[in-house]
Amino acid sequence: MRVSKSLAPIVVLVFGACGGGSEPAPDAAAGNVGEARIANADSEPGNWLAHGRTFGEQRFSPLTSINDGNVSELGLSWTYDTGKGRGHQATPLVVDGVMYLTSSWSIVHAIDARTGEQLWTYDPDVAGAYARWACCDVVNRGVAIWEGKVFVGTIDGRLVAVDAGTGEEVWSVQTTDPDRHYTITGAPRVGNGKVVIGNGGAEFGVRGYVTAYDADTGDQAWRFFIVPGDPSEPFEHPEMEVAAATWTGEWWTVGGGGTAWDSMAYDSELELVYVGTGNGAPWTRVHRSPEGGDNLYLSSILAIDISTGSLRWHYQTTPSDNWDYTAVQPITLADLEIGGEQRQVLMQAPKNGFFYVLDRVTGELLSAEPYVKQNWASHVDMETGRPVEVTAADYSDEAKVVLPGPFGGHNWHAQSYSPDTGLVYIPARDASFIYPEDESFEYVERRLNLGLDMPKFARLSLEMAQPAAVGYLRAWDPVRNEVAWDVEMPGVYNGGIVSTAGNLVFQGTSEGEFAAYTADSGEKLWSQQLNVGIVAPAITYSVDDTQYVAVLAGFGGAVNFGVDVAITAAYSFVNVGRLFVFELGGNATAPPVRERELAIPEQPPLAASTAEIDLGHDIYHDYCAICHGVLALSPGVIADLRLMDQEGHAAWSDIVLGGDMESVGMASFADTLSEEEVAAVQSYVVSRAIADRELQATDDAPGS
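**Q** I'd like a rundown of unusual backbone geometry, residues and numbers included.
**A** For the bond running from A281 to P282, omega is -5°, close enough to zero to count as cis. Tracing the backbone through its elements, the reader meets P282 in the loop between strand 19 (280-281) and strand 20 (300-305). Between L296 and Y297 the backbone carries a cis peptide bond, its omega angle lying at 0°. Positionally, Y297 belongs in the loop between strand 19 and strand 20. In the Ramachandran plot, N295 falls in the positive-phi region, its phi being about 60° despite a non-glycine side chain. The topology assignment puts N295 in the loop between strand 19 and strand 20. On the basis of relative accessibility, which here comes to 0%, the residue N295 falls in the buried class. Positioned with a positive phi, N481 is a non-glycine residue whose angle comes to about 60°.

Structural data, given as structure tokens:
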């Protein structure tokens, strides 16, 4: 672990509860956040104390100094560069004038929230080779803060507490099995003195669970497994015996999945933590649970007693999931009048395309209506709570185009609820996917195990017609169960959302635009082109009576399947990690972002046979495409292999087998692939580069 501090002394600032705050108190403790303070977050709107600002994760700010009448005067106040060029997905927290955020590789940054001056950084020293096990980039979605400690989950499966004032490590626990390919990308949540963290890695054959640790000591308080293990062994807790009855075959040999890799929310009055759970491992149910079954608790919302770790209730959005329809998408708590009755509700727009409103006390389903286009289910039966599947989405006999695809109608990108308008703002999309079942599927430990024929998928993507992918900023009315308004976006992989009492909604896009819209009608009032793709959600805060809007930019994540690479900022400009902070009347200038060189260089001679190139195609799409892009088309976050020159190709084997670039995330594949297989992949990449170089000469290449 490495801690870096600025040369300037660290001054901790504490601001009062009203408006933007009062004068600083330099001797106050850093990170002084507890249960009561977060529960009463509206009394100090200048701070952003928790992941969703409040325990209920509404991502709504009561601040009004920036509003629909003056947002056109917004200008850049300052920027802060993280020094990392991979995906940046974090929600910054602001506590008493200090901002805490994470960059890629799980690095924590503490910054003066008024000036952007770095106070300290904490680097957990994740080995570069571990990037191989991160299905969707070495991203991190942020920290939690509690009683002087900052908590971060690391990509290699640790939960770390660092001192909020100094960045020094206080304690660290390995919360995942280091012998399995788990990752952590989500932000921890804290409540009742416990830090709660999940994990990812279902595609690499792991078994999901969520764990609570004592915030003071790091001692484990409880662990809730999401899917059952080997039933010949004792069940860890009673819920696993119930779940095991919904599985068939030997699911535990392929992990089962169900990883809780993102969304949680906490009700401090009910003392319930709500956890969204993930897809099965593998995705295809026939290879996971061959004789059927609902496969609890995949794709579910769990209400867990934060004191004991026992399950109060659950709701499964997609029984026997077959399409990677996770339910880890953001969970928002609110009080709504439904049917003339005031209800304490939980709202979620998961991948499967239905918007769910549940009673968060009992788990009763109150509504479930499509919020995007979908063709896999006719409706959700309100008596049983189950979706009614249709044959058009059954790909067991032939490949099918299904809406939504594994990107979902909505993924992890933050949604926001405004109690002023009563609307939920969703970064939604209509994006399909071709599902070809891998009829000869066998679990392979060191590669993605989807149960899909990914080489066939790549070929079919050139042959099968798919509806155009469209992204939206969509305002959903959760009482009327309908779209109130939406704004169509050029791309589908856009940033999270914040709404404010100033009748504003802010969102960034994959193309690098950051914009403000009216919350009641969706009218675009202001925007700036940043030339850096945005997937993280913005926040707004105030210090010394000045309101700021901040957004962390840096494109990345699961962007290589189904994203039009040519319309992302990272395709045209070198991807950087940069925090942009705006204020009224701001007149700062951001450092320039360098344009990428997109001309494909001359390639080495191609002597491989058609059979060798075809073999390379198949191996590439089984092992390489998740990072470098389908058909070797990359949006620029990770190297576009078509742009390698002859010198780079000369080092190909040293990189892929010798691990010469492990320090920056390109691990060696010598444990999995032979020299002949690696050479075949190289031949495939060269063939793609030669073909696209010829197209570039006629201005017909992708993105030209």
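**Q** Which residues make up the packing of aromatic side chains, and what values do they have?
**A** Evaluated as defined, the whole model comprises 29 aromatic pairs. Ring centres 4.9 Å apart and planes at 90° place the aromatic pair W251 and W252 in the edge-to-face group. A residue is classified by how much of its surface remains accessible, and W252, at 27% relative accessible area, is partly exposed. Seen from their ring centres, F433 and Y435 are 5.0 Å apart, and the 75° between their planes marks the pair as edge-to-face. For the pair shown, F433 and Y435 are each scored as buried. Aromatic ring contacts, followed pair by pair, group W323, Y325, F354 and W376 into a single cluster.

**Q** Got a sec to walk through helix 5 (residues 610-623)? Specific residues and values, please.
**A** The terminal C-alpha atoms of helix 5, which comprises 14 residues, lie 20 Å apart, in line with the 20 Å expected from a rise of 1.5 Å per residue. All of the buried residues along helix 5 are I613, G616, H617, I619, Y620, H621 and Y623. Of the surrounding elements, those touching the buried residues of helix 5 are helix 3 (454-460), helix 6 (625-628) and helix 9 (675-696).

**Q** I'd like a rundown of the sheet that holds strand 39 (residues 546-553), residues and numbers included.
**A** Ordered in space as 3-40-39-38, the four strands form an open sheet in which the pairing is antiparallel. If you trace the sheet from one side to the other, it starts and ends with strand 3 (74-81) and strand 38 (539-543), each paired once. Averaged over neighbouring strand pairs, the angle between their axes works out to 30° when direction is ignored. Here strand 39 pairs with strand 40 (residues 578-584) via five bridges, running antiparallel. If you follow A550 over to strand 40, its bridge partner there is V581.

**Q** Which residues make up the sheet that holds strand 11 (residues 169-174), and what values do they have?
**A** Read across the open sheet, the four strands follow the order 8-9-10-11; overall the sheet is antiparallel. A strand with exactly one partner marks an edge of an open sheet, and here the two such strands are strand 8 (144-146) and strand 11. The average undirected angle you get between the axes of adjacent strands in this sheet is 20°. Across three bridges, the pairing between strand 8 and strand 9 (residues 149-153) is antiparallel. For A144, the partnering residue across the bridge sits in strand 9 and is F151.

**Q** Residue-level account of the side chain of S687, with values.
**A** Relative to the helices and strands, S687 resides in helix 9. When neighbours within four sequence positions are excluded, S687 is seen to be in contact with L606 and I613.

**Q** Can you break down the pattern of salt bridges residue by residue, with the values?
**A** Throughout the structure, instances matching the rule amount to 29 salt bridges. A salt bridge links E236 to R207; the shortest N-O distance between them is 3.0 Å. You can see E236 sitting in the loop between strand 15 (220-225) and helix 2 (238-244) and its partner R207 sitting in the loop between strand 13 (194-197) and strand 14 (209-214), a full 29 residues away along the chain. Of the residues examined, E236 reaches a relative accessible area of 42% and is grouped as partly exposed. Among the residues examined, R207 registers a relative accessible area of 15% and is labelled buried. When the shortest N-O distance is used, the salt bridge between E389 and R285 registers 2.9 Å. Pair noted here: E389 is in strand 27 (residues 387-389) and R285 is in the loop between strand 19 and strand 20, with a separation of 104 residues, a long-range link. Bridged by salt links that share partners, the residues E341, R343, D359 and E364 form one connected network.

**Q** Any chance you could break down the state of the cysteines for me, citing the residues and the numbers?
**A** Counted under the stated rule, the structure contains one disulfide. The residue that forms a disulfide with C135 is C136, at a sulfur-sulfur distance of 2.2 Å. On the sign convention where negative means left-handed, the S-S torsion of about -85° between C135 and C136 marks this disulfide as left-handed. A relative accessible area of 26% means that C136 is categorised as partly exposed. No disulfide involves C624; its sulfur sits 8.7 Å from that of C627, the nearest cysteine. Looking at C624, the relative accessible area reads 17%, which means it is buried.

Calculation notes
- In this numbering scheme, every chain counts its residues from 1 along its sequence in written order.
- Two thresholds apply to this predicted model, a pLDDT of at least 70 for residue-level local features and 80 or more for giving and counting side-chain atom pairs, whereas whole-chain, interface and lining totals are computed over all residues.
- With hydrogens and water excluded, all non-hydrogen atoms of the structure serve as input to the side-chain values.
- Note on conventions: DSSP H or I runs of at least 4 residues are helices, E runs of at least 2 residues are strands, and numbering of each starts at the N terminus.
- The cut-offs for exposure are 20% and 50% of the maximum accessible area for each residue type, with area from a 1.4 Å probe on protein chains only; residues under the lower value are buried, those over the upper are exposed, and the others partly exposed.
- Geometry of aromatic contacts follows a simple scheme: Phe, Tyr and Trp rings, the Trp one being its six-membered ring, pair when their centres are within 6.5 Å, and the pair is stacked under 30 degrees between planes, edge-to-face over 60, tilted otherwise.
- Here the expected length of a helix is defined as 1.5 Å per residue gap, with one fewer gap than residues.
- Whether two residues are in contact is decided by their heavy atoms, any of which lying within 4.5 Å being enough.
- Here, strands pair whenever DSSP counts at least two bridges between them.
- Only C-alpha atoms enter the line fits that serve as axes; for helices the fit covers just the stretch in contact. Angles between N-to-C directions range over 0 to 180 degrees.
- Put simply, a salt bridge is a Lys or Arg side-chain nitrogen that is within 4 Å of an Asp or Glu carboxyl oxygen.
- Our working definition of a disulfide is a cysteine sulfur pair at a distance within 2.5 Å.

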